[in-house]
Amino acid sequence: MRIHSILTIATALLAVSSLAFADDKDKKKNLNCEVVILGGGAGGLHTAFRLAPTMGDKVCLFEKENRLGGRIYDVSRTPGGPVFGLGALRIMETQEVVFKLADELGIQYVAAPFEDDLIRARGVSANDSDSLRTAAYPRTTAGESALYDQLRLGPGRANAGKYPDMRSYMRGTIGTENYQFLADIFRFRGDFTYPLSAKAYLEFLDEDWDVCCTPSYPVGGMSEFIKRMAQRATQKGARIYTSEPALEVESGKGSRYEITTANFVVRTNRLIVAIDAEAFKRVEGDVARKIQKQAQFQDLMGVKVASINQWWPSAWWQNANPGKKTRRAWTTESCVNYIEIPTTPYGANQLVTRSVYEDEKSCVDFWEELTSRGTTAVEAEIDRGLKNMFPNVNIPKPLKTEVKIWPAGWYWLRAGSPYSNMDIAAWAIAPLQGEAVSLVGESYNPQRSTWSDGAFKSSINTLNAVFGLNLPGQTATANGPINQPGKGKNGLADFRAIR
Ligand SMILES: Cc1cc2nc3c(=O)[nH]c(=O)nc-3n(C[C@H](O)[C@H](O)[C@H](O)COP(=O)(O)OP(=O)(O)OC[C@H]3O[C@@H](n4cnc5c(N)ncnc54)[C@H](O)[C@@H]3O)c2cc1C
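It should be emphasised that the depicted structure is a prediction, and the values quoted were computed from it without experimental measurement.

## What to know about the confidence of the model for the protein chain
- The share of residues in the protein chain with pLDDT of 70 or more is 92%, and the mean pLDDT across the chain is 92.
- Between residues 1-20, whose pLDDT stays under 50, and residues either more than four places distant or in other chains, the model counts zero contacts.

Structure below.
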C-alpha cells in the first residue's frame, strides 16, 4: 500500500514534469537545419567552416557557452587588451594539418624554440634529466631516452595489453625507481597516474614521438583559429548560436533528430556531436543515451587539468636561474607545477606567465579548492611555489591572476579498454549503425590526445567519410584507420619539447 502510493506520487510527479517540459518545448522557437553541429570548439567550428561554402545556412551550430572555442580560450589582463591562452597555446612543426589551416586562415605565427628548462625533484634542481638522474636518482638503471626505448620498443611491449594499466606496465617493465624517475621528469604527471590503457597510450606515444621540434605560437593566440573559422562560416551563411546548450537529443517525428536547446527545438536529418565526451554525458534524450551506452564511449576518460595565468609588473624571471635562460620549470615539490614563460613578442610583451599547468588529479583538486577561497589564497600559494623553484629572485605581486579548471582537459582510453586509439577514431565517424550521427573532436580521437590537431583530424575524418570532402589529413574511415600512425622515428628530445 505504502509502496503503491509512493509509486503513484512518483508517476504523477513524472507526468507533471514531462508535461512541464512539453509545455516548455512549446514555447521554444522551431528551427530546421540540414546539418546540426553541437559544440563550438575547434572540432565543431572546423566542421561548420568546411561545410558552409556548399551548404550555407543549412548548417547550424549550437554552443553551450556565451563564447566559442571550448578548450581554446584566450584571456586578457584588461578588456580588449592582448590575450594569452588558458587552454591551447602552441602548434608543433610537424602538425601539418594545423599549419595548413593557419595559412589558409591567414594566421601569423612565430616559431620559438624552448630554452633552458629547470626541473626540481627530491630537493635537487637541474637543467636536464641526466643531471637530475645523477644527482637524485642513483638507483635508476638507464637514462630517460633508454627507458622510453625499453617501454616502446622492448620485448615487454608485446605483453602491454596484459597489464591492468599503463602504470603497471611501466613499473613491471622498467621497475619502480625508473618509473618514478620518468614520472618526476615529465611535466604531465596525469600520464603516469591515471589508469590508462597501456596499449593505447603506447600507440599515442609512437605517434607523439614524431611530433617535433619547434613550437609556434599564433599571433593573437590560438583563438585566432576560432575567430576566423567562425567568421568564414557565418560569411557563407552558416548559423552559429552561442549560449544555446543542447539539452536533449531525441529521435524526431518529421525529421530524424530533434534537438532541444535553451531556446530552440531544432529538427535535422544529420547530426554532428562536437561536444566532448564528459560534457556529452549530461545531454539527455534517446539518441544521446544510445551514444552514451556504447562501449567505446564509456572507455573515453577525461583528465582534469588546472591552468593559471598571471600578469606581472616586471619581468622577474630574467635572472631567475643565473646563467640560464629558463622559460619553463617544473617540480614535484608543490602543486605549482610547470610554469611557462612566453618568449614570443605577443606573449613576452604582456609580462604574462602560465604559472601553473597541472594535470595530477590531487593537485588539480587542490587548486580548485583553493580557488573557491579566493584569488589571494591562490596567489599566496603560487608565490610560495615559485620561491621554492627560484630561491634567488624577488617575485612581485601579480597584477592579475586567472584560474581555469578544465573538468576534462584531454582524453585517453581507459585501462581495460579492448579498443585501439584508431578503433575509436573510426567508430566516431558513425557510432550508431543506421543513423546519421557522427562524433567529432579530440575526445573521440585519442591517438592525438592533448592536441587541437586531434580535433581537426577528427573533423576531417567525418567531413571526408560522410560529406565526401577530400581534405588532406584524414586518418580513418568508418571501417578503420587509413594512415599508418607515426612510428616514433624522431628522438626523445623532440618528444620532451612538446605539449
Ligand atoms: C590547458 C590546455 C592546454 C592545451 N594546450 C594545447 C596546445 O598548446 N596546443 C594544442 O594544439 N592543443 C592544446 N590543448 C588541446 C586543445 O585545446 C583541444 O584538443 C581542442 O581545443 C579540443 O577541441 P574540441 O572541439 O575537440 O573540444 P572542445 O574545445 O572541448 O569543444 C567542445 C565544445 O562543446 C561545448 N559544449 C559542451 N556541452 C555542450 C552542450 N550541451 N551543448 C552545446 N555545446 C556544448 C563546449 O562548451 C565546447 O565549446 C590544450 C588543452 C588544454 C585544456
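## Digging into the site of the ligand
- Neighbouring residues of the ligand: 40 residues in total, closest Gly 39, Gly 41, Gly 43, Gly 70 and Gly 441.
- For the shell around the ligand, the secondary structure elements donating two or more residues are helix H2 (42-55), strand S16 (300-311), strand S20 (400-413) and helix H18 (452-467).
- A total of four residues in the shell around the ligand trace back to one element, the largest contributor, which is H18.
- Of the residues that constitute the shell around the ligand, the class distribution is 18 nonpolar, 14 polar and eight charged.
- No fewer than three residues from each of domain 1 (29-70 + 222-298 + 413-481) and domain 2 (74-114 + 214-220 + 302-411) sit in the shell around the ligand.

## Brief notes about the sheet that holds strand S7 (residues 109-111)
- The three strands are arranged S6-S10-S7 in an open sheet whose pairing can be described as antiparallel. The outermost strands of the open sheet, each flanked by one partner alone, are strand S6 (91-92) and S7.
- The sheet contact formed by S7 and strand S10 (residues 215-218) spans three bridges and is antiparallel. Considered in S10, the bridge of Tyr 109 is made with Pro 218.

## Comments concerning the pairing of S16
- Counted residue by residue, S16 has ten buried out of twelve residues, so it is predominantly covered.
- Bridging between S16 and strand S19 (residues 352-358) involves six bridges; their strand directions are antiparallel. Of the residues in S19, the one forming a bridge with Ser 307 is Tyr 357.

## Topic: the packing of helix H17 (residues 421-429) against H18
- For the pair H17 and H18, interaxial distance at closest approach is 9 Å and the crossing angle is 50°. Taken together, the axis directions place H17 and H18 in an arrangement best described as oblique. The way H17 lies across H18 gives a crossing that is right-handed. Between H17 and H18, the residues in contact are Ala 425, Ala 428 and Ile 429 and Ser 458, Asn 461, Thr 462, Ala 465 and Val 466, respectively.
- Along the lines of polarity and charge, the residues of the contact of H17 with H18 split into five nonpolar, three polar and no charged.

## Digging into the nonpolar core
- In terms of nonpolar packing, the biggest core is built from 128 residues, with Ala 48 and Val 59 touching the most fellow members.
- Considering every element that reaches this core, the biggest residue donor is H17, with seven residues.
- With residues up to four places along the chain from it excluded, the contact list for Val 59 reads Cys 33, Val 35, Ile 37, Ala 48, Leu 51, Ala 52, Ala 238 and Arg 239.

## Remarks on the domain arrangement of the protein chain
- Domain boundaries assigned for the protein chain yield domain 1 (29-70 + 222-298 + 413-481), domain 2 (74-114 + 214-220 + 302-411) and domain 3 (142-212 + 487-496).
- Taken over C-alpha atoms, the centre of domain 1 sits 29 Å from the centre of domain 2.
- With 21 residues of domain 1 at the contact, the number on the domain 2 side is 18 residues.
- Secondary structure elements with two or more residues in the side of domain 1 that touches domain 2: helix H10 (223-235), helix H11 (277-280) and H18.
- Split by residue class, the side of domain 1 that touches domain 2 holds eight nonpolar, six polar and seven charged.

## A word on the sheet that holds strand S13 (residues 257-260)
- A sheet is described by the order of its strands in space; here four strands give the open sequence S1-S14-S13-S12, paired in mixed fashion. Here the strands that pair on one side only, and so sit at the sheet edges, are strand S1 (29-32) and strand S12 (248-251). Strand-to-strand twist across the sheet, computed as the mean angle between neighbouring axes with direction ignored, equals 20°.
- Pairing geometry for S12 and S13, over four bridges, is antiparallel. Within the sheet, the bridge partner assigned to Ser 251 lies in S13 and is Tyr 257.

## Digging into the packing of helix H5 (residues 144-153) against helix H6 (residues 166-174)
- Direction vectors running N to C along H5 and H6 enclose 110°, while the axes themselves pass 10 Å from each other. Judged by the inter-axis angle, H5 sits roughly perpendicular to H6. As for the relative orientation of H5 and H6, their crossing is right-handed in sense. Across the interface between the two elements, Leu 147, Gln 150 and Leu 151 from H5 touch Met 170, Thr 173 and Ile 174 from H6.
- Grouping the amino acids of the contact of H5 with H6 by side-chain chemistry returns four nonpolar, two polar and no charged.

What counts, and at which threshold
- Residues numbered from 1 in each chain as written.
- Predicted model: local features only at pLDDT ≥ 70, side-chain atom pairs only at ≥ 80, totals over all residues.
- pLDDT = per-residue confidence, 0-100.
- Contact = placed C-beta atoms within 7 Å.
- Near = placed C-beta within 6 Å.
- Helix = DSSP H or I, 4+ residues; strand = E, 2+ residues; numbered from the N terminus.
- Nonpolar A, V, L, I, M, F, W, Y, C, P; charged D, E, K, R; others polar.
- Domains from an automatic or database assignment.
- Pairing = 2+ DSSP bridges.
- Buried ≥ 20, exposed ≤ 12 C-beta atoms within 10 Å, placed from the backbone.
- Axes fitted to C-alpha atoms, helices over the stretch in contact; angles between N-to-C directions.
- Parallel < 35°, antiparallel > 145°, perpendicular 65-115°, else oblique.
- Left-handed = near helix turned anticlockwise from the far one by under 90°.
- Core = buried A, V, L, I, M, F, W, Y, C linked by C-beta atoms within 7 Å.

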